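Understanding the architecture of this molecule
So the chains spell out like this:
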Amino acid sequence: MSVSPLTYSYAAPEGRYAAYFKPGFVHRDLYVSETIFREELKTLFASTWVYVAHESEIPLPGDFVTRVIGRRPVIVVRDEAGGINVLLNRCTHRGATICREERGNATLFTCPYHAWSFTRRGACAAVPVRTGYGESVNLAAFNLGKAAAVDSYRGFIFATLTPRQPLIEHLAGAATMLDQWLDRNAGIKLQVRNGAMAFKLRTNWKCVYDNAADGYHVPFSHASMIRVIERRYGKGIDINYDGGVADASPLFVKNLGNGHTILDQRPEMHASSAWKRQHVLPGREILWSQLNDQLGEDSALALLNGSTGAGMNINIFPNLLIIGNQIQVIEPQSVNESVIRWYSTSLENVPPEINAIRMRMQEDFPSFGEVDDAANFEACQLGLEEIPEMEWVNVSRHMDTNQSQLDRDGYWREPISTDLHARAYWSAWRALMESAGAEDPGR
Amino acid sequence: MSVPGAVAGYFDLDHYRAMQAVVRGWLELVRIEPSRTPSAEDHEAVCRLLFVEARLLDQRRLDEWLGLFTADAAYWLPSDVSGADPTVTVSWEFNDRRRMEERVDRLRTGMAHSQIPPTRTVHTYSNIESIQVAPDVIHVLCNFQIQTASNAGVSVRAGWNGFILRRENGRWMIVLKRINLFDADRPQGNNSFTL
């Protein structure tokens, strides 16, 4: 399949959201309007596939986690046949959330208010003194709401309230990127039950999403991290890339279709040994030595290279961002508050030293880099909110520089510092909002 | 082959197991038996160390603060509240001495945007309990409240600290500071200052 160079469809004159877009620019209201935020929750998050959980979080029948689709509370639960159900966590009686735990194992979900209970597939199993609803009451009328479709791609579980296209079609070019991210160590499976960091940011969720394949900010937003690493360990370590944001850099951003993108750092991160390039971490030398003793130097290095930060920022619109070895999920809270959860990952059936290394590695960027990004996302929100006279946000970088190309895989690619990512997801945003019938916000 | 700089017993699996055993002991602690109660003199000495530690943080004198820690120290801010195994569970931060120093360096680059302007803090330690573990090793548990002020406004962090302290050349030093935010598993704001 081929994704043509972006047509910047959001610049088309027709459509209810036309007034919020012009070539290379998006309007501040998209970040600060309560009306648009409510429309996003109601319409955008209900009309596309949303990542909800990883299969390794709920391996056994009855295992569940509670998550959100936009802001809608849902229960992701495995049934006795191994199927995965995404139940709307709202009692069909008075509307109370039924399950109030983050995770667990359940045979039935029983509402604490009047004890209506529901199976793992959402069927109403019992209501106390059912005859109060008449002798002929049919409990099926009380079944829980469910996602219209649930599917998983290699362990990543997605749900949608509106089935428009199969998951694999929705993922488009992102599926192959997920394959490459997962297959760095052939035959070794990923686990996602290693805790998470949840950051609370005073910013619109799209200020987070804007950054996800922004290769332009790295030397500036992360100057403190890069400087400390360079002073101590020299140039060319971790994200201190030779090319920086110069367009000669071999790093690039690619439009994978349907709003999904990748910022590919592998041409430098994995040019030789990603492990040797990685910022040092607690226990690096002793654990590496012990792995050398156990496995031999070549095998140890291969395993370390394959479990080091992937150098792939894979962004699956609207809420899933793969970064390093982490799975980052965006949870909008309000028009100017967002939670981003960084789920940590480990590998099955590897020496425990590898996972100890992975844990410390996954603490590195969040505390040395993400905190500065967060400060910048919050600063964007402040500027956008408080200065209505300045209306437009610039996403025009590399739009007209003729440095883009159709890659061999059929996907459009642009130099590292491009805003292609923003243009790509805004196109998907607008297409979803307009085709799904979001209300006219009135600009 | 041994990698240059490898230190056995520091951030290897043995070290993690030992720290986990200590943490489990803290989580399961009911009362401190008289046989494990330090002398009044030692208790007072370790309290003085904690108060200096808190004050240096509030003064943001981070070089002097680092000077309170041993060469094999750790600064640990878990992201869970259940004492999960750190070899398979991510923390907010689990820093060895090297990473503690790098972190302080970062804050001093003038480009650590998350700390411009720096978060002001008032650390208050209370409910201090000390446990004699060896003649020159004392563990201290205390509750903390950190009042903070930043551009985001005024807010508080709360929880309990677990310290492993060791007497080196007659001076009490910090081997481990484990900062147990009571809401570590819930969404956190800007914690890029030093807790």
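All values derive from a computational prediction rather than experimental measurement.

1. Looking at the overall build of chain B
In terms of regular secondary structure, chain B is built from four helices and six strands. Its helices and strands in sequence order give chain B the pattern α-α-α-β-β-α-β-β-β-β, from N to C terminus. Relative to its length of 195 residues, chain B is compact, with a C-alpha radius of gyration of 17 Å against a globular reference of 16 Å. With respect to the three principal axes, the spread of C-alpha positions in chain B is 50 × 45 × 35 Å.

2. Some thoughts on the overall build of chain A
Tallying secondary structure elements over chain A gives 14 helices and 24 strands in all. Computed over the C-alpha atoms, the radius of gyration of chain A is 23 Å, within 12% of the 22 Å expected from 2.2 N^0.38 for a compact globule of 443 residues. Its C-alpha atoms put chain A at 80 × 60 × 40 Å along the principal axes. With 443 residues in all, chain A has 60% of them scored as buried. Counted over contacts in chain A with a minimum sequence separation of 6, partners at least 24 positions apart contribute 68%. Carbon together with sulfur atoms contributes 50% to the accessible area of chain A, which is approximately 16800 Å² in total.

3. Thoughts on the packing of helix α10 (residues 284-295) of chain A against helix α12 (residues 352-361) of chain A
All names here are of chain A. Between α10 and α12, whose axes approach to 10 Å, the crossing angle comes to 155 degrees. Classed by the angle they form, the pair α10 and α12 counts as roughly antiparallel. In this structure, α10 crosses over α12, and the sense of that crossing is left-handed. For the pair α10 and α12, the contacting residues are Leu287, Gln290, Leu291 and Gln294 in the first and Glu353, Ile354, Ala356 and Ile357 in the second. Residue classes in the contact of α10 with α12 are distributed as five nonpolar, two polar and one charged.

4. Notes on the pattern of salt bridges
One pass over the full model with this rule turns up 38 salt bridges over all chains. The residue Arg17 of chain B makes a salt bridge to Asp14 of chain B at a minimum N-O spacing of 2.9 Å. Placement of both Arg17 of chain B and Asp14 of chain B in helix α1 (residues 13-28) is noted, with a separation of three residues, approximately one turn of the helix. For Glu53 of chain B, the salt bridge is made with Lys177 of chain B, and the minimal N-O distance between the two is 2.8 Å. Taken together, the residues Glu53 of chain B in helix α2 (residues 40-58) and Lys177 of chain B in strand β6 (residues 171-181) connect sequence positions 124 residues apart. Of the two residues, Glu53 of chain B and Lys177 of chain B, neither departs from the other in class, the shared state being buried. Through salt bridges with shared partners, a single network forms among Asp79, Glu80, Arg120 and Arg121 of chain A.

5. Observations concerning the interface of chain A and chain B
Taken together, the contact pairs 53 residues of chain A with 44 residues of chain B. Across the chain A/chain B interface, buried area totals approximately 4000 Å², and carbon plus sulfur atoms make up 56% of it. At the surface where chain A touches chain B, the tally comes to four salt bridges. Across the pair Arg98 of chain B and Glu285 of chain A runs a salt bridge whose closest N-O atoms are separated by 2.8 Å. Applying the counting rule to chain A against chain B returns 26 residue pairs in polar contact (both at pLDDT 80 or more). Put simply, the parts of the chain that give the side of chain A that touches chain B at least two residues each are β14 (196-201), α6 (218-221), α7 (223-233), α10, β20 (337-343), α12 and α13 (364-386) of chain A. Residues of the side of chain A that touches chain B, tallied by class, amount to 22 nonpolar, 14 polar and 17 charged.

6. Some words on the nonpolar core
Residues and elements named next belong to chain A. Of all hydrophobic cores here, the largest spans 105 residues; its most connected members are Tyr31, Val76 and Trp429. The element contributing the most residues to this core is helix α14 (residues 420-435), with eight residues. Once you skip the residues sitting within four places of it in the chain, Tyr31 turns out to touch Val26, Asn204, Lys206, Cys207, Asp210, Val335, Gln381, Leu384, Val393, Tyr425 and Trp426. Formed by 60 residues, the second largest nonpolar core is a distinct cluster that contains Ala149, Leu171, Leu291 and Ile316.

7. Digging into the sheet that holds strand β10 (residues 124-126) of chain A
Residues and elements named next belong to chain A. Strand order in the open sheet made by the three strands is β8-β9-β10, with antiparallel pairing throughout. Edge strands, defined here as strands with exactly one partner in the open sheet, are β8 (109-110) and β10. Relative to strand β9 (residues 117-118), β8 runs antiparallel, the two being bridged by two bridges. Looking at the pairing, Phe109 lines up with Phe118 of β9.

8. Some words on the side chain of Arg277 of chain A
Residues and elements named next belong to chain A. Within the secondary structure layout, Arg277 lies in helix α9 (residues 274-277). For the buried Arg277, no salt bridge is present, and the opposite-charge side chain at shortest range is Glu268, 4.1 Å distant. In contact with Arg277, other than residues within four places in its own chain, are Gly236, Ile237, Asp238, Asn240, Tyr241, Glu268 and Met269.

9. Here's the deal with the environment of Trp92 of chain B
Residues and elements named next belong to chain B. In this structure, Trp92 sits in strand β2 (residues 91-96). Note on Trp92: relative accessible area 8%, which makes it buried. Sequence separation of Trp92 and Ala184 is 92 residues, and the distance between their C-alpha atoms is 8.3 Å. Within polar-contact distance, the side chain of Trp92 engages the backbone oxygen of Ala184 at 3.0 Å.

10. Some thoughts on the packing of aromatic side chains
Enumeration according to the criterion identifies 33 aromatic pairs over all chains in this entry. Centroid distance Phe199 of chain A to Trp92 of chain B: 5.0 Å. Interplanar angle 90 degrees. Geometry classified as edge-to-face. With Phe199 of chain A in strand β14 and Trp92 of chain B in strand β2, this pair bridges two chains. Trp92 of chain B matches Phe199 of chain A in its accessibility class, with the two residues each being buried.

11. So, α7 of chain A
Along α7 of chain A, the positions that sit buried rather than exposed are Ala223, Ser224, Met225, Ile226, Val228 and Ile229 of chain A. On its buried face, α7 of chain A sits against α6 and α13 of chain A together with α4 (97-107) of chain B. Gly234 of chain A sits one or two positions beyond α7 of chain A and adopts a positive phi of about 90 degrees.

12. What about unusual backbone geometry?
Outside of glycine, negative phi angles account for most residues, and trans bonds account for most peptide bonds. Residues Phe317 of chain A and Pro318 of chain A are joined by a peptide bond in cis, for which omega reads 10 degrees. Pro117 of chain B follows Ile116 of chain B through a cis peptide bond whose omega is -5 degrees. With a phi close to 55 degrees, Asn258 of chain A is a non-glycine residue in the positive phi region. Here Asn258 of chain A lies in the loop between β15 (252-257) and β16 (260-264). Although it is not a glycine, Asn402 of chain A sits at a positive phi angle of roughly 55 degrees. Considering the arrangement of structural elements, one finds Asn402 of chain A in the loop between β22 (392-394) and β23 (405-406).

13. What about the confidence of the model for chain B?
Chain-level pLDDT for chain B is 97 on average; 100% of the residues reach the 70-or-more range. Overall fold confidence (pTM) sits at 0.95, and the ipTM for the predicted complex is 0.97.

The rules behind the values
Residues numbered from 1 in each chain as written. Chains lettered and ligands numbered in written order. Predicted model: local features only at pLDDT ≥ 70, side-chain atom pairs only at ≥ 80, totals over all residues. Heavy atoms only, no water. Helix = DSSP H or I, 4+ residues; strand = E, 2+ residues; numbered from the N terminus. Rg over C-alpha atoms; globule rule 2.2 N^0.38 Å. Buried < 20%, exposed > 50% of the residue type's maximum accessible area, 1.4 Å probe, protein only. Contact = heavy atoms within 4.5 Å. Areas by Shrake-Rupley, 256 points an atom, 1.4 Å probe, with all protein chains shown as cover. Axes fitted to C-alpha atoms, helices over the stretch in contact; angles between N-to-C directions. Parallel < 35°, antiparallel > 145°, perpendicular 65-115°, else oblique. Left-handed = near helix turned anticlockwise from the far one by under 90°. Nonpolar A, V, L, I, M, F, W, Y, C, P; charged D, E, K, R; others polar. Salt bridge = Lys/Arg side-chain N within 4 Å of Asp/Glu carboxyl O. Buried area = accessible area lost by both parts, 1.4 Å probe. Polar contact = N/O pair within 3.5 Å; in protein donor to acceptor, adjacent residues only side chain to side chain. Core = buried A, V, L, I, M, F, W, Y, C linked by side-chain atoms within 4.5 Å. Pairing = 2+ DSSP bridges. Lys, Arg positive; Asp, Glu negative; His and termini not counted. Phe/Tyr/Trp six-rings, centres within 6.5 Å; stacked < 30°, edge-to-face > 60°. pLDDT = per-residue confidence, 0-100.

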